[in-house]
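Here is what each chain is made of, one letter per residue.
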Amino acid sequence: MKKPAYVTDKALKQFIKNALEEDIQDGDHSTLSTIPKDLEQSAKLLVKQDCIIAGVELAKIIFKTFDKNLKIEFFVKDGDAVKIGDIAFVVTGSARSILSTERLVLNCMQRMSGIATLTHDWDSRLVGTKTKLLDTRKTTPNFRICEKWAVAIGGGTNHRYGLYDMIMLKDNHIDYNGSITNAVKMAKDYIKKNKKKLKIEVETRNLEEVREAINAKVDRIMLDNMDVQMMKEAVKMINGLCESEASGGITRDQLKEIASTGVTYISAGALTHSAENMDLSLKALK
């Protein structure tokens with residue numbers, strides 16, 4: 001699948017550089033002390049748990065960044081459903097390079113596959129509806145690029161990537177500012193003054209705030225922690241004037257019912273903060 005726009009060569013290079021430096025520092029001494037420099041070997045990525053595999057392309061980039069001479073033969077691609085016993089790929093080349101990159105590759109793929117698997121499961125419950133599943137910014141610091149990429153691989157839709165690519169006025173912004181009306185006006189003035197192209201989303205907690213957000217003419221209204229009946233009323237009030245987003249403590253079992261309200265999106269932090277890592281292993285081929 002095509003990489004999301006935020007997965008740039010620059011961002012990946014920085015992420016991999018920092019991750020390898022964190023792990024290796026002045027040397028992988030276990031490997032340097034026991035493995036001959038010129039020894040070449042192969043290793044297989046063994047799937048030990050049924051899942052949606054993710055991080056395959058990232059694994060290639062990590063291996064090649066560390067040692068451009070490593071060769072990888074792939075048997076699956078990102079987003080494929082894999083089963084226990086499947087082999088995702090075989091990497092061949094310097095035994096030292098394989099051992100020094102093993103943990104970073106596994107850490108990324110196990111986490112990403114867990115997120116992709118959970119996202120795929122949740123998204124499958126929205127089949128037949130027009131509602132799209134969104135992630136949030138509830139991600140692990142310095143690992144957001146991988147977690148959001150995994151959501152996309154699993155079939156979800158990425159929300160804003162960070163604080164810089166959308167204006168989202170949440171409850172604290174509104175409470176600090178004084179009102180939705182004033183906060184939106186100031187946000188629009190800010191956009192115009194700074195010549196930005198940013199959409200504005202406003203979080204609402206009740207129908208009165210929904211009405212105020214509609215009148216303020218925003219791009220999207222978040223319906224935060226509302227029950228299904230209130231969501232239905234809110235969507236009816238919005239009447240297609242802007243997008244709507246259900247958010248706040250969303251569970252897997254609620255998805256179909258929430259989608260029935262007609263909301264444009266359902267956002268769930270659980271996709272990234274509550275996903276279980278999948279069991280994968282890099283094993284030496286003898």
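Residues numbered from 1 in each chain as written. Predicted model: local features only at pLDDT ≥ 70, side-chain atom pairs only at ≥ 80, totals over all residues. Heavy atoms only, no water.

The name an unreviewed UniProt entry gives the protein is nicotinate-nucleotide diphosphorylase (carboxylating), with Chryseobacterium profundimaris as the organism. For the protein, the Pathway (unreviewed entry) comment in UniProt is given as "Cofactor biosynthesis; NAD(+) biosynthesis; nicotinate D-ribonucleotide from quinolinate: step 1/1." As its UniProt record puts it under Sequence similarities (unreviewed entry), the protein is described as follows: "Belongs to the NadC/ModD family." (UniProt positions renumbered as here; feature names shortened; annotations may be inferred.)

Caption draft 1: How the structure looks around the pattern of salt bridges. For the structure shown, the criterion picks out 13 salt bridges. Here Glu 203 makes a salt bridge to Lys 170, at a shortest N to O gap of 4.0 Å. Remark: Lys 170 occurs in the loop between strand S7 (167–169) and helix H6 (171–177) and Glu 203 occurs in strand S8 (residues 200–204); sequence separation between them is 33 residues. A relative accessible area of 5% places Glu 203 in the buried class. Across the pair Glu 201 and Arg 220 runs a salt bridge, and its minimum N-O distance is 3.7 Å. Taken as a pair, Glu 201 in strand S8 and Arg 220 in strand S9 (residues 220–224) lie far apart in primary sequence, 19 residues in all. For Glu 201, a relative accessible area of 0% translates into the label buried. Looking at Arg 220, the relative accessible area reads 8%, which means it is buried. (Salt bridge = Lys/Arg side-chain N within 4 Å of Asp/Glu carboxyl O. Helix = DSSP H or I, 4+ residues; strand = E, 2+ residues; numbered from the N terminus. Buried < 20%, exposed > 50% of the residue type's maximum accessible area, 1.4 Å probe, protein only.)

Caption draft 2: Expanded view of the nonpolar core. Ranked by internal contacts, the top residues of the largest apolar core, which has 87 residues, are Leu 58, Phe 89, Met 109, Leu 169 and Leu 223. Sorting elements by how many residues they give to this core places helix H4 (residues 95–124) first, with 10 residues. Every residue in contact with Leu 58, bar those within four places of it in the chain, is listed here: Leu 12, Ile 16, Cys 108, Met 112, Cys 146 and Trp 149. (Core = buried A, V, L, I, M, F, W, Y, C linked by side-chain atoms within 4.5 Å. Contact = heavy atoms within 4.5 Å.)

Caption draft 3: Here's a closer look at the sheet that holds strand S1 (residues 40–47). Reading across the sheet, the 4 strands line up as S3-S5-S1-S12 and stay open at both edges, with antiparallel pairing between neighbours. Each of the sheet's edge strands pairs with one partner strand only, and the pair in question is strand S3 (71–74) and strand S12 (280–285). Adjacent strand axes in the sheet meet at a mean angle of 20 degrees, parallel and antiparallel pairs treated alike. In this structure, S3 lies alongside strand S5 (residues 87–94), joined through 4 bridges in antiparallel fashion. Looking across to S5, one finds that Lys 71 is bridged to Thr 92. Strand contacts of helix H3 (residues 56–66): S3 and S5, with the helix running at about 170 degrees to S3, the strand carrying the most contacts. Across the sheet, H4 touches S1, S5 and S12, and the angle it forms with S5 is around 155 degrees. (Pairing = 2+ DSSP bridges. Axes fitted to C-alpha atoms, helices over the stretch in contact; angles between N-to-C directions.)

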